[in-house]
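Overview (structure and organization)
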Amino acid sequence: MTSIASRIPVRSRVGTGILIVAALSLGRVVTDHMPGQDRHERPFTTAAKVGQTVHLRTGDVVVTKVDGGKAIATPIEADASPGLWVAIDFTWTPRADTSVLGYKVVRTTTGDTYDSLLGRNVSFCGNSIPGLPESCRMAVEMPPDRMPGAVVDIAPVFDSPGYDSLATVDLGITDETVKKWQARTDVVKIPMNTVGTGS
Amino acid sequence: MGDVEQQTPQGRLARVWRWAIDRPLRQVVTGIGLFLLLLTAPFGGWAKAPATATGPERFAVGKPMTLGPLELTVDRASWNTDPSNTFGPSKVGAYLLVIGHLRNSSNAMVPVGVMKDHLRLTGLTNVLASMDVTDPKENPVPPDKADYTLYNAPDTTVLSSVAPGLTYEVAYVFEVKGTTLPDRVTVDTFGYTWRKSSLDQTEMWLDRTPVGTVTVPLHEGVKHSHAPTSTP
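Source: prediction; values computed, not measured.

Criteria and thresholds
- Residues numbered from 1 in each chain as written.
- Chains lettered and ligands numbered in written order.
- Predicted model: local features only at pLDDT ≥ 70, side-chain atom pairs only at ≥ 80, totals over all residues.
- Helix = DSSP H or I, 4+ residues; strand = E, 2+ residues; numbered from the N terminus.
- Rg over C-alpha atoms; globule rule 2.2 N^0.38 Å.
- Buried ≥ 20, exposed ≤ 12 C-beta atoms within 10 Å, placed from the backbone.
- Contact = placed C-beta atoms within 7 Å.
- Nonpolar A, V, L, I, M, F, W, Y, C, P; charged D, E, K, R; others polar.
- Domains from an automatic or database assignment.
- Pairing = 2+ DSSP bridges.
- Axes fitted to C-alpha atoms, helices over the stretch in contact; angles between N-to-C directions.
- Core = buried A, V, L, I, M, F, W, Y, C linked by C-beta atoms within 7 Å.
- pLDDT = per-residue confidence, 0-100.

1. Some points on the overall build of chain B
- A tally of helices and strands in chain B yields four helices and 10 strands.
- Ordered by position from N to C terminus, the α and β elements of chain B give α-α-α-β-β-β-β-α-β-β-β-β-β-β.
- Computed over the C-alpha atoms, the radius of gyration of chain B is 28 Å, more than 25% above the 17 Å expected from 2.2 N^0.38 for a compact globule of 232 residues.
- A principal-axis box enclosing the C-alpha atoms of chain B has dimensions of 105 × 40 × 30 Å.
- The proportion of buried residues among the 232 residues of chain B is 32%.
- Restricting the contact set of chain B to residue pairs at least 6 apart, pairs at least 24 apart contribute 66%.

In structure tokens:
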């Protein structure tokens, strides 16, 4: 029966070991210099303000109105928040078949995120016809002290906007805006989305 | 000279090494396996790990518990056949409500999986699987298998997630068969760890682990038709 020692010469074994160690070291060096996940998956971001149109991969989006208050009423239910609601109107005009704006997340200056698709948050925006503007609505509830400086990230995907185009729109919320919304006693009405020129 | 070399510790070691690498491949692999197995002996080998001496911590009513992204404070519990106009009177018995405050202390919306599985009843024998599953063939279930529906108490809307930084007054609503209920109820709570999933390397809340136990007095609540508001 053949043993390991008799089958492989000592010099060959040492050489193989050195090559393996060298290859692993080289791999580590290359890996350390590769861009991290945050960098190579980052979206193509366009910053904008309320009223400015952003050209995304599959269509154009423009935030048209930002409102807020303690309670909202949709055609489905009425919700009072322990914080405040911020309601955002925007128009979406798709250019291609894959035209849903699935990612609509409000992000604070400290990085907290409020996804319009989760919890009691509201997202009225459908799969619109290319070339036809759709009036969309969303609303998220959040603590008042985290509202100033918040932006809304909008992308034509459902999960992470990585690799894709992303609109980052400054909502223009200041301390004064928050105080005004806290003083409101009426309910912020959120109608359903509409397609075409109606609003 | 060779005999002298073999008497020294280094010589004996070299002899053992030469003997080992002259073995057939199968024997070498088996030997390495046995050696690795022996290495586990100081740590208990294959013996069954002893159970943790301390169980979940006992929390007093009103004391907050950290459950991964959530902070829960259990305040009180009540039961009634018809506690709210949101879900109507029970057709099989009553609703049991565990009421408290729930805060999202993380920086993102809490996943549905965590929202649905961080509190369980213990000790009851007449709990239904959920408010939606009332078929007698499937009920009652062991209390730790009973799912709750989580409501925002002030407006009785369902909470499938909670927003970062907000504290909600909540009611965990269970349905029970009959109206024979104890004067106190015990709930177990579970926490999660934020880490990368070994399957897809995505960071998420994983490793559901018992955190605490709270025993809270259970009293009969007010019927919604007699209540000043729809609050459960």
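2. Some thoughts on the overall build of chain A
- Summing up its helical and strand segments, chain A has four helices and 12 strands in all.
- Along the first, second and third principal axes, the C-alpha set of chain A runs to 90 × 40 × 35 Å.
- Within chain A, the proportion of its 199 residues that are buried is 36%.
- Residue pairs at least 24 apart in sequence account for 71% of intrachain contacts in chain A once pairs closer than 6 positions are excluded.

3. Points about the interface of chain B and chain A
- Counting from both sides, the interface comprises 22 residues of chain B and, opposite them, 23 residues of chain A.
- Looking at the side of chain B that touches chain A, the elements with two or more residues in it are helix 3 (25-39) and strand 8 (167-177) of chain B.
- Tallied by class, the residues present in the side of chain B that touches chain A amount to 13 nonpolar, six polar and three charged.

4. Re the domain arrangement of chain A
- Taken domain by domain, chain A consists of domain 1 (6-34) and domain 2 (43-195).
- For domain 1 of chain A versus domain 2 of chain A, the separation of C-alpha centres amounts to 54 Å.

5. What to know about the environment of His219(B)
Residues and elements named next belong to chain B.
- Tracing the sequence through the fold places His219 in strand 10 (residues 203-220).
- On the neighbour-count criterion, His219 (13 C-beta atoms within 10 Å) is partly exposed.
- It is 43 Å that separates the C-alpha atoms of His219 and Lys196, two residues lying 23 residues apart in sequence.

6. Some thoughts on the sheet that holds strand 6 (residues 113-115) of chain A
Residue and element names in this part refer to chain A.
- A sheet is described by the order of its strands in space; here five strands give the open sequence 1-10-9-5-6, paired in mixed fashion. Of all the strands in the sheet, just strand 1 (44-49) and strand 6 have a single pairing partner and so form its edges. When strand polarity is set aside, the average angle formed by the axes of neighbouring strands in this sheet is 25°.
- Of the strand pairs in this sheet, strand 5 (residues 103-107) and strand 6 are connected by three bridges, and their pairing is antiparallel. Each residue of the ladder has a partner; that of Arg107, found in strand 6, is Thr113.

7. Quick notes on the pairing of strand 10 of chain B
Residues and elements named next belong to chain B.
- Where strand 1 (residues 57-59) and strand 10 come together, three bridges link them in parallel fashion. By the bridge assignment for strand 10, Glu57 is matched with Gly212.
- Of the strand pairs in this sheet, strand 3 (residues 70-80) and strand 10 are connected by three bridges, and their pairing is parallel. Across the sheet, the residue bridging to Ser78 is His219, located in strand 10.
- By the bridge criterion, 12 bridges tie strand 9 (residues 184-196) to strand 10 in an arrangement that is antiparallel. Note that in strand 10 the partner of Trp194 across the bridge is Trp205.

8. Examining the pairing of strand 8 of chain B
All names here are of chain B.
- Burial of strand 8 is extensive: eight of the 11 residues sit out of reach of the surface.
- Summarising the sheet, strand 4 (residues 93-104) and strand 8 pair through 11 bridges and their orientation is antiparallel. For Gly93, the partnering residue across the bridge sits in strand 8 and is Lys177.
- For strand 6 (residues 149-152) and strand 8, the ladder comprises four bridges, and the chain directions are antiparallel. Bridge assignment links Tyr151 to a residue of strand 8, and that residue is Ala171.

9. Describing unusual backbone geometry
Residue and element names in this part refer to chain B.
- A cis amide bond links Asn139 with the next residue in sequence, Pro140, at an omega value of -10°.
- For Pro140, the location among the structural elements is in the loop between strand 5 (119-122) and strand 6.
- With a phi close to 45°, Thr156 is a non-glycine residue in the positive phi region.
- Given 20 C-beta atoms within a 10 Å radius, Thr156 is considered buried.

10. What to know about the nonpolar core
- Core analysis: the largest hydrophobic core is formed by 86 residues, its most contacted members being Val86(A), Ala139(A), Leu97(B), Tyr172(B) and Phe174(B).
- If sequence neighbours within four positions are ignored, Val86(A) has contacts with Val66(A), Gly68(A), Val106(A), Ala139(A), Val140(A), Met142(A), Met147(A) and Leu171(A).

11. Digging into the confidence of the model for chain B
- Averaged over chain B, the pLDDT score is 88; the fraction of residues at 70 or greater is 91%.
- Across the assembled chains, the prediction reports ipTM 0.82 with pTM 0.80.

12. Focus: the confidence of the model for chain A
- Residue-level pLDDT values for chain A average 91, and 95% of them are 70 or greater.
- Helix 1 (residues 4-7) of chain A is the least confidently modelled element of chain A, averaging 63 in pLDDT, while helix 4 (residues 175-183) of chain A averages 98, the highest of any element.

13. A few points about the environment of Leu67(B)
Residue and element names in this part refer to chain B.
- Tracing the backbone shows Leu67 in strand 2 (residues 65-67).
- Residue class for Leu67 comes out buried when judged on the 23 C-beta atoms lying within 10 Å of it.
- Sequence separation of Leu67 and Thr209 is 142 residues, and the distance between their C-alpha atoms is 9.0 Å.
- Beyond its immediate sequence surroundings of up to four residues, Leu67 is in contact with Leu72, His118, Thr189, Phe190, Gly191 and Val211.

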